[in-house]
Amino acid sequence: DTYEFGLVGLGVMGRNFILNVAENGFSALGYDLMPEKAEALREEGAAVGKVAASSDLNEFITALAKPRKIMLLVPAGKIVDQVIEDLLPKLDTGDLIIDGGNSHFRDTDRREAYLKSKGIYFIGAGVSGGAEGARRGPSIMPGGAQEVYPEIQPIFEAVAANYAGSPCVAYLGPGSAGNYVKMVHNGIEYGMMQLTGECYQILAQLGGFDNSEIRTVFERWNQGRLQSFLVEITSEIFGKEDPMGTGELIDKILDKARQKGTGKWTSQNGMDLGIPVPTIDISVSMRAISAFKTKREEAEKRYKKPAVSLVDKNLLEALCEPSLYFAFLMTYAQGLHQLREASNEYGYNLNLATISEIWRAGCIIRAGVLDDIASAFKEEAALEHLLLSGEFTERITACIPTVRKLVSKAIESGIPVPALSASLSYFDAFTTGRLPMNLIQAQRDYFGSHTYERTDREGSFHTEW
Ligand code: 6PG
């Protein structure tokens, strides 16, 4: 028997993805070292389509139709290299390996070059949407070997999420373009998550909202321009009872946020490229701050918080909605700006309209507003920055007074809102024609003869201060 599609790594993501492939009419074979995982797929797959599983690598390889299409859904890092090494001696020239994990884009570049030298094609594809997305329709961000993309395209288009008739997948660019785009997607994800967290704390502490009221607020927001996966699941989270029977689950969850590194990579590379992504940066830092739970508790006792005067609930909700909308926009704007620059720097030739389009469904950062963002980049192909889009100028302008009010109020009250305020400061800086960096330049020249440029003539200048 031969199978059209092979998948290595039958964890939850892999199993769900391959079931999705089979359900869409493609014959698929899964492989996992652990027989119980192969068995789990066999059981679930029986009713779904032509899908089989093996824990014998030779059996797996020989049962795949040539040229083989093998997708890896294994944890990013060394395991990917290990799996590639295991596969390599058994593959034939012209076979294709697709890495569907959150691999670092530099690793993807390295693997692509290595596999090319062995005659094997490589596609690095970001896959977003979690376990549910993998099963019902993820957003897929492939990049790499364009010449063989048509071989996998029908499968990807069939399994991907669908937005108004368009599949949420597109070939994005050469080399590590797909993994890079997924990395920035995750950076944006970190930003949006932190922002919803800040709104939660504001609603609870500044408005006295209880969990069920917060649930209702996010539910309402999800009906409007904030419509998004993260706002939707937030409302569901606030309605969840503790399965251990203690009351509301959210109150029992330890406030230490973990991370696997993709948000941090976005920030690190933003710094390398000289592209500011402060909302993402601070969201990574807040996860780091959250880890110091006992120190935070100790410090809380030492420093008195200002007295909070409660804000009327309706008023507060009305302050939060435009602020969250604005800050979501700034987060997308930063991520897309980084993609624009990375495209130049790494030759990805990215199309920001296409990327916004394939983010409209399936992925974690999907949101109604992405359709408008996609239109903005479609109408103005050369658009350098979302803040310079005609479409968004008025919308953003209308939010600003409210954002200022909310951020001031939160800061006055000692409620940490670093992502909201970073978004606002980013906006303020980006819309200030003359920043105090003339002083920085003067200082650099003063202590280090680093020279400065002038506003009134060309050249570089040094002054004996
Ligand atoms: C997705 C997610 C996913 C990511 C998790 C965990 O698009 O489905 O981005 O790929 O692994 O969100 O990320 P952290 O552990 O870093 O929070």
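Residues numbered from 1 in each chain as written. Predicted model: local features only at pLDDT ≥ 70, side-chain atom pairs only at ≥ 80, totals over all residues.

Chemist: Looking at this structure, I do not really get the environment of E4. What am I missing?
Modeler: By secondary structure assignment, the location of E4 is in the segment before β1 (5-8). Overall, E4 belongs to the buried group, with 20 C-beta atoms counted inside 10 Å. In this structure the C-alpha to C-alpha distance between E4 and K69, which are 65 residues apart in sequence, comes to 7.2 Å. (Helix = DSSP H or I, 4+ residues; strand = E, 2+ residues; numbered from the N terminus. Buried ≥ 20, exposed ≤ 12 C-beta atoms within 10 Å, placed from the backbone.)

Chemist: What exactly am I supposed to notice about the confidence of the model for the protein chain here?
Modeler: Detailed reading of the predicted coordinates is not advisable wherever pLDDT is low. The predicted model of the protein chain has a mean per-residue pLDDT of 97, with 100% of residues at 70 or higher. Overall fold confidence for the complex sits at a pTM of 0.98, while the interface term, ipTM, reaches 0.97. (pLDDT = per-residue confidence, 0-100.)

Chemist: Can you walk me through the sheet that holds β1 in this structure?
Modeler: In a beta sheet, neighbouring strands pair by backbone hydrogen bonds and run either parallel or antiparallel. As summarised here, the arrangement of the seven strands in space is β3-β2-β1-β4-β5-β6-β7, forming an open sheet in which the pairing is mixed. Every other strand in the sheet has two partners, leaving β3 (51-54) and β7 (139-144) as the edge strands with one partner each. Here the average twist between neighbouring strands, direction ignored, is 25 degrees. Here β1 runs beside strand β4 (residues 69-72); their pairing, made up of three bridges, is parallel. When the bridges of β4 are listed, V8 appears paired with L72. Set on the sheet, helix α2 (residues 35-45) makes contact with β2 (28-31) and β3; between it and β3 the angle comes to about 165 degrees. (Pairing = 2+ DSSP bridges. Axes fitted to C-alpha atoms, helices over the stretch in contact; angles between N-to-C directions. Contact = placed C-beta atoms within 7 Å.)

Chemist: Is there a simple way to explain the site of the ligand in this structure?
Modeler: Near the ligand you find 13 residues, and of these S128, N186, Q259, K260 and I364 are the closest. Across the shell around the ligand, the residue classes tally to two nonpolar, eight polar and three charged. (Near = placed C-beta within 6 Å. Nonpolar A, V, L, I, M, F, W, Y, C, P; charged D, E, K, R; others polar.)

Chemist: Sorry if this is basic, but what is going on with the nonpolar core here?
Modeler: Buried together is how nonpolar side chains tend to be arranged in soluble globular proteins. In terms of nonpolar packing, the biggest core is built from 136 residues, with A28 and I97 touching the most fellow members. Counting only domains with at least three residues in this core, you end up with domain 1 (5-175) and domain 2 (182-430). Filtering out sequence-adjacent residues up to four positions away, I97 remains in contact with I70, L72, I84, L87, L115, I120 and F122. (Core = buried A, V, L, I, M, F, W, Y, C linked by C-beta atoms within 7 Å. Domains from an automatic or database assignment.)

Chemist: Any chance you could explain the packing of helix α8 (residues 177-207) against helix α14 (residues 313-346) here in plain terms?
Modeler: When two helices pack together, their arrangement is captured by the angle between the axes and the distance separating the axes. The N-to-C vectors of α8 and α14 enclose an angle of 165 degrees; their axes lie 10 Å apart at closest approach. Relative to α14, the element α8 lies roughly antiparallel. Classified by chirality, the crossing of α14 by α8 is right-handed. (Parallel < 35°, antiparallel > 145°, perpendicular 65-115°, else oblique. Left-handed = near helix turned anticlockwise from the far one by under 90°.)

Chemist: Even after reading the chapter, I still don't get unusual backbone geometry, so can you show me in this structure?
Modeler: The bulk of non-glycine residues show a negative phi, and the bulk of peptide bonds are trans. Omega for the bond connecting K66 with P67 falls within 30 degrees of zero, at -10 degrees, which places this linkage in the cis form. Structurally, the position occupied by P67 is in the loop between α3 (57-62) and β4. Phi is positive for N349, which is not a glycine, with a value near 55 degrees. Along the chain, N349 turns up in the loop between α14 and α15 (352-358). The exposure class of N349 is exposed, given the 11 C-beta atoms found within 10 Å. Even without a glycine there, the phi angle at T451 is positive, about 70 degrees. Note on placement: T451 falls in the segment after α19 (437-448). On the basis of neighbour count, T451 is assigned to the partly exposed category, with 13 C-beta atoms found within 10 Å.

Chemist: Got a minute to help me understand the environment of L350 in this structure?
Modeler: Take L350: it is sitting in the loop between α14 and α15. A residue is classified by how many C-beta atoms lie within 10 Å of it, and L350, with 22 of them, is buried. Sequence-wise, L350 and L319 are 31 residues apart; in three dimensions their C-alpha atoms are separated by 36 Å.

Chemist: Honestly, the pairing of strand β6 (residues 121-128) in this entry has me stumped. Any pointers?
Modeler: Consecutive side chains along a regular strand alternate between the two faces of the sheet. Counting buried residues in β6 gives eight out of eight residues, a clear majority hidden from the surface. The two faces of β6 match: Y121, I123, A125 and V127 on one face and F122, G124, G126 and S128 on the other face are all buried. Across four bridges, the pairing between strand β5 (residues 96-99) and β6 is parallel. Residue I98 lies in a different strand from β6, and its bridge partner there is I123. In this view, the connection linking β5 to its parallel neighbour β6 by way of helix α5 (residues 105-117) has right-handed handedness. The pairing of β6 with β7 spans six bridges and is antiparallel. Among the inter-strand pairings, G126 is bridged to a residue of β7, identified as M141. (Right-handed = clockwise from strand over helix to strand, strands pointing away.)

Chemist: Looking at this model, I keep getting lost on helix α7 (residues 149-159). Mind explaining?
Modeler: Residue pairs spaced three or four apart in an α-helix point in one direction, given the helix's 3.6 residues per turn. Where α7 is concerned, the buried positions are I152, I155, F156 and V159. For α7, the angular spread of buried residues about the axis comes to 100 degrees, placing them on one side. On its buried face, α7 is in contact with β1, α1 (12-23), β4, β5, β6 and β7. (Arc of directions from axis to C-beta.)

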